[in-house]
Amino acid sequence: MNVIERRNIILTTLNEANTPIPAKEFANLFGVTRQVIVQDISILKATHSNILSTNLGYVIQKSNKCTKEFWVCHSDERTIEELNLIVDLGGVIKDVSIDHEFYGKITVSMNITSRKSAQEYDEGLKTKNYKNLCNSTGGYHYHLIEADDEETLALIERTLKDNGFIIADIVEDAH
């Protein structure tokens, strides 16, 4: 098992757990030292800010918000349009992911909450002459969207479909 697989299992286990899990428990499970797990958690916290360290172990802070992952595709010219549609309807763009042919799933935290943060993201790409992550996959990518309720997520989905962004129905649903 490689480090990516181990971290994915840690994250999945934390998401499914109802009580904190000590680093020592993960260390025993994977046959590594406690310090290796502490480093893994540190890396995971960089993109999953809801992982908390407690005196009893690690736990995922649960949210009352709803999330759905959408599979979308568009050109660079439509990036700001897509982001604005989502935030204007009350969504937060938590992250962007691609399924890269060679590297596998790559996920980057975004936390875009408003037109202002969408504009800053778009200008940041242009100023530094960077390309969107999805350019590696022909424009295809996933967005994890958070909203206050299922109705808001359904409205976001309909609007993205109506505007030609959605490739397929929602691929993941979590609360």
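Below is a short write-up of the structure. (Residues numbered from 1 in each chain as written. Predicted model: local features only at pLDDT ≥ 70, side-chain atom pairs only at ≥ 80, totals over all residues. Heavy atoms only, no water.)

1. Considerations on a nonpolar patch on the surface
Then comes step 1: A grouping of Met1, Ile9 and Leu29 is seen on the molecular surface, where their side chains present a nonpolar patch of about 320 Å² in accessible area.
Then comes step 2: By secondary structure assignment, the location of isoleucine 9 is in helix H1 (residues 3-16).
Then comes step 3: For isoleucine 9, a relative accessible area of 33% puts it in the partly exposed group. (Patch = residues over 30% accessible without salt bridge, like charges linked within 9 Å, V, L, I, M, F, W, Y side chains within 5 Å. Areas by Shrake-Rupley, 256 points an atom, 1.4 Å probe, with all protein chains shown as cover. Salt bridge = Lys/Arg side-chain N within 4 Å of Asp/Glu carboxyl O. Helix = DSSP H or I, 4+ residues; strand = E, 2+ residues; numbered from the N terminus. Buried < 20%, exposed > 50% of the residue type's maximum accessible area, 1.4 Å probe, protein only.)

2. Describing empty space enclosed by the protein
Then comes step 1: For the structure on display, the rule yields 1 cavity of 30 Å³ or more.
Then comes step 2: Taken as a whole, the largest cavity encloses approximately 80 Å³ of empty space.
Then comes step 3: As for the largest cavity, its lining consists of His74, Thr79, Glu82, Leu83, Val96, Met110, Tyr121, Asn132, Leu133, Cys134, His141 and His143.
Then comes step 4: Contributing elements (two or more residues each) for the lining of the largest cavity: helix H4 (79-88) and strand E6 (140-147).
Then comes step 5: Within the lining of the largest cavity, the residues separate by chemical class into 6 nonpolar, 5 polar and 1 charged. (1 Å grid on protein atoms, 1.4 Å probe; cavity = no way out; pocket = protein on both sides within 12 Å on 5 of 7 lines; lining within 4 Å. Points joined across faces, edges and corners; volume = space filled by probe spheres on them. Nonpolar A, V, L, I, M, F, W, Y, C, P; charged D, E, K, R; others polar.)

3. Side note on unusual backbone geometry
Then comes step 1: Despite not being glycine, asparagine 111 shows a phi value in the positive range, around 50 degrees.
Then comes step 2: Tracing the sequence through the fold places asparagine 111 in strand E5 (residues 104-112).
Then comes step 3: In the Ramachandran plot, asparagine 129 falls in the positive-phi region, its phi being about 60 degrees despite a non-glycine side chain.
Then comes step 4: Inspection of the secondary structure assignment puts asparagine 129 in the loop between helix H5 (115-127) and E6.

4. Examining the environment of leucine 85
Then comes step 1: Within the secondary structure layout, leucine 85 lies in helix H4.
Then comes step 2: Separated by 57 residues in sequence, leucine 85 and asparagine 28 place their C-alpha atoms 46 Å apart.
Then comes step 3: Non-local contacts of leucine 85, meaning those with residues more than four positions away in its chain, are made with Thr159, Leu160, Asn163 and Phe165. (Contact = heavy atoms within 4.5 Å.)

5. Re the layout of surface pockets
Then comes step 1: Considered as a void within the structure, the second largest pocket measures approximately 160 Å³ in volume.
Then comes step 2: Lining the second largest pocket we find Asp76, Glu77, Thr79, Ile80, Asp122, Leu125, Lys126, Asn129, Tyr130, Lys131 and Asn132.
Then comes step 3: Those elements giving two or more residues to the lining of the second largest pocket turn out to be H4 and H5.
Then comes step 4: It is H5 that provides the largest number of residues to the lining of the second largest pocket, a total of 3 residues.
Then comes step 5: Across the lining of the second largest pocket, the residue classes tally to 3 nonpolar, 3 polar and 5 charged.

6. Details of helix H6 (residues 150-162)
Then comes step 1: In this model, H6 (13 residues) spans 18 Å end to end at C-alpha, consistent with the 18 Å of a helix rising 1.5 Å per residue.
Then comes step 2: In this fold, the buried residues of H6 make contact with strand E3 (66-73), H4 and E6.
Then comes step 3: The N-terminus of H6 is capped by aspartate 149, whose side-chain oxygen sits 3.3 Å from the backbone nitrogen of glutamate 151.
Then comes step 4: Within two residues after H6, glycine 164 carries a phi angle of roughly 80 degrees, on the positive side. (Expected span 1.5 Å × (residues − 1). Polar contact = N/O pair within 3.5 Å; in protein donor to acceptor, adjacent residues only side chain to side chain.)

7. Regarding the nonpolar core
Then comes step 1: In terms of nonpolar packing, the biggest core is built from 20 residues, with Ile93, Ile112, Ile145 and Leu160 touching the most fellow members.
Then comes step 2: When contributions to this core are tallied by element, the ones reaching two or more residues are E3, H4, strand E4 (92-100), E5, E6 and H6.
Then comes step 3: Of the residues forming this core, the biggest block, 5 residues, is contributed by H4.
Then comes step 4: Counting residues in hydrophobic clusters, the runner-up holds 15 residues, among them Leu14, Ala17, Ile41 and Tyr58. (Core = buried A, V, L, I, M, F, W, Y, C linked by side-chain atoms within 4.5 Å.)

8. A look at H4
Then comes step 1: Of all 10 residues in H4, 8 are buried; the element is thus mostly enclosed.
Then comes step 2: Those residues of H4 that fall on the buried side of the exposure criterion are Thr79, Ile80, Glu82, Leu83, Asn84, Leu85, Ile86 and Val87.
Then comes step 3: Here the buried face of H4 lies against E3, E4, E5, H5, E6 and H6.
Then comes step 4: Where H4 ends, the next residue or the one after it, glycine 90, has phi of about 100 degrees, a positive value.

Honestly, that's just the spatial picture; any functional story needs more than this.
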